[in-house]
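Spelled out from the first residue to the last, the chains are:
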Amino acid sequence: MEEYEGEPGPAMGPRLFGGQAVAQALLAAGAEERDGRLPHSLHSYFLRAGSSAVPVQYKVTTLSEGRSFATRRVEGVQGETIIFSMIASFQSPEIGFAHASAAPFELNVDAALQNLCSWQERNAHAGDSPIIDRLQNRPIEIVPLDPGSLFGTSAREPKTGVWMRMRDPAGRDPLLQRALLAYASDMMFLRNAMLPHSIRPGSSKVQAASLDHAIWFHETPNFDDWHLFATESPWAGHARGLNRGHFYDQAGRMVATASQESLMRPQGETLDNLQGLTNG
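Just so it is clear, the structure is predicted and the values come from calculations on it, not from any experiment. (Residues numbered from 1 in each chain as written. Predicted model: local features only at pLDDT ≥ 70, side-chain atom pairs only at ≥ 80, totals over all residues. Heavy atoms only, no water.)

J.: In this structure, what is going on with the packing of aromatic side chains? I would like to understand it.
T.: The way to describe two aromatic rings as a pair is by their centre distance and the angle between their planes. Applying the stated criterion across every chain, the model contains five aromatic pairs. Here Phe46 and Phe84 contribute two aromatic rings whose centre-to-centre distance is 5.6 Å and whose plane-to-plane angle is 45°, an arrangement assigned as tilted. With Phe46 in strand β2 (residues 38–46) and Phe84 in strand β5 (residues 81–91), this residue pair connects regions lying 38 residues apart in the sequence. Here the two residues Phe46 and Phe84 agree in accessibility, since each one is buried. Seen from their ring centres, Phe229 and Phe247 are 4.0 Å apart, and the 5° between their planes marks the pair as stacked. With Phe229 in strand β9 (residues 227–237) and Phe247 in strand β10 (residues 240–249), this residue pair connects regions lying 18 residues apart in the sequence. Considered together, Phe229 and Phe247 belong to a single accessibility category, that of buried residues. An aromatic cluster of three or more residues is present, and its members are Phe189, Phe223, Phe229 and Phe247. When the ring centre of Phe90 is taken as reference, the NZ or CZ atom of Arg72 above it lies at 4.9 Å. Just above the ring of Phe17 sits the side chain of Arg138; from NZ or CZ to the centre is 3.9 Å. (Phe/Tyr/Trp six-rings, centres within 6.5 Å; stacked < 30°, edge-to-face > 60°. Helix = DSSP H or I, 4+ residues; strand = E, 2+ residues; numbered from the N terminus. Buried < 20%, exposed > 50% of the residue type's maximum accessible area, 1.4 Å probe, protein only. Lys NZ or Arg CZ within 6 Å of the ring centre and 35° of its normal.)

What follows is the structure, encoded as structure tokens:
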């Protein structure tokens, strides 16, 4: 077993950002690779709420290693508590049959930027939203296709798209680029399951958290350039919501798929209203 330390990073509050744990754990697992394999999938669980101000110790155990594939388990620890667990699989480059679904939205980041500027002009109060300042502190730049789904409170179809890229160039190292996508994949994700219910993460009407997170890497992204994260929520119930999405580069190439189940537990008056509907 090898151990690596992940330093604190940009936070949106006292809790450790899940995407940071996923990215750091993936880098730790990749540090054990000696034969040029790259991660093709990971499955992770957020076991306890971690602190955003404390480093995380990532303990890496190699479970299997063959000619083509290697599988590693990573445990994230703060103090004596395991707060995060991941299993990641690595594969050597191979040639095989290929197909991919097309992006469900127009691949035009300039149009999305213009739409965001127009929306901000029509909604001057949007700049006062706390999420604006919090997102500005993240290393990932975000342009939503539907700004109202990000900043508003009205009900929306559980289907969104956001353009993402690094604010500062990170270089072309393939493991790092996959880790950057892993970091970004936990942003703007769990809100999909909340959109039909007129709530957003951070609202007093809901307790929200990521429960688990899975990624399948199809290609190595270049996250220094724009990528579209097209997401949807096909189901919610029992205080949980399911979210899934695909990353596309500007050429329309699908580079990764992500899936996540989130906690979305109603609170206060909202819970009372739902209980009343159920009892009625």
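J.: How should the nonpolar core be read in this particular structure?
T.: Grouped burial of nonpolar side chains is what soluble globular proteins tend to show. Counting residues in each nonpolar core, the largest one holds 53 residues, and the members touching the most others are Ile140, Met164 and Phe223. It is helix α1 (residues 18–30) that provides the largest number of residues to this core, a total of seven residues. Leu190, Met194, Val206 and Met264 belong to the second largest nonpolar core, which has six residues in total. (Core = buried A, V, L, I, M, F, W, Y, C linked by side-chain atoms within 4.5 Å.)

J.: Can you walk me through the environment of Phe97 in this structure?
T.: With respect to the helices, strands and loops of the structure, Phe97 is situated in the loop between β5 and α2 (109–122). Residues Phe97 and Leu190, 93 residues apart in the sequence, show an inter-C-alpha distance of 32 Å.

J.: Looking at this model, I keep getting lost on the packing of α1 against helix α5 (residues 174–184). Mind explaining?
T.: Angle between the axes and distance between the axes: these two values describe a pair of packed helices. For the pair α1 and α5, interaxial distance at closest approach is 7 Å and the crossing angle is 160°. It follows from the interaxial angle that α1 and α5 lie roughly antiparallel. The interaxial crossing formed by α1 with α5 has right-handed handedness. Contacts from Gly19, Gln20, Val22, Ala23, Leu26, Leu27 and Gly30 of α1 reach α5 at Leu175, Leu176, Arg178, Ala179, Ala182 and Tyr183. Partitioning the contact of α1 with α5 into residue classes produces nine nonpolar, three polar and one charged. (Axes fitted to C-alpha atoms, helices over the stretch in contact; angles between N-to-C directions. Parallel < 35°, antiparallel > 145°, perpendicular 65-115°, else oblique. Left-handed = near helix turned anticlockwise from the far one by under 90°. Contact = heavy atoms within 4.5 Å. Nonpolar A, V, L, I, M, F, W, Y, C, P; charged D, E, K, R; others polar.)

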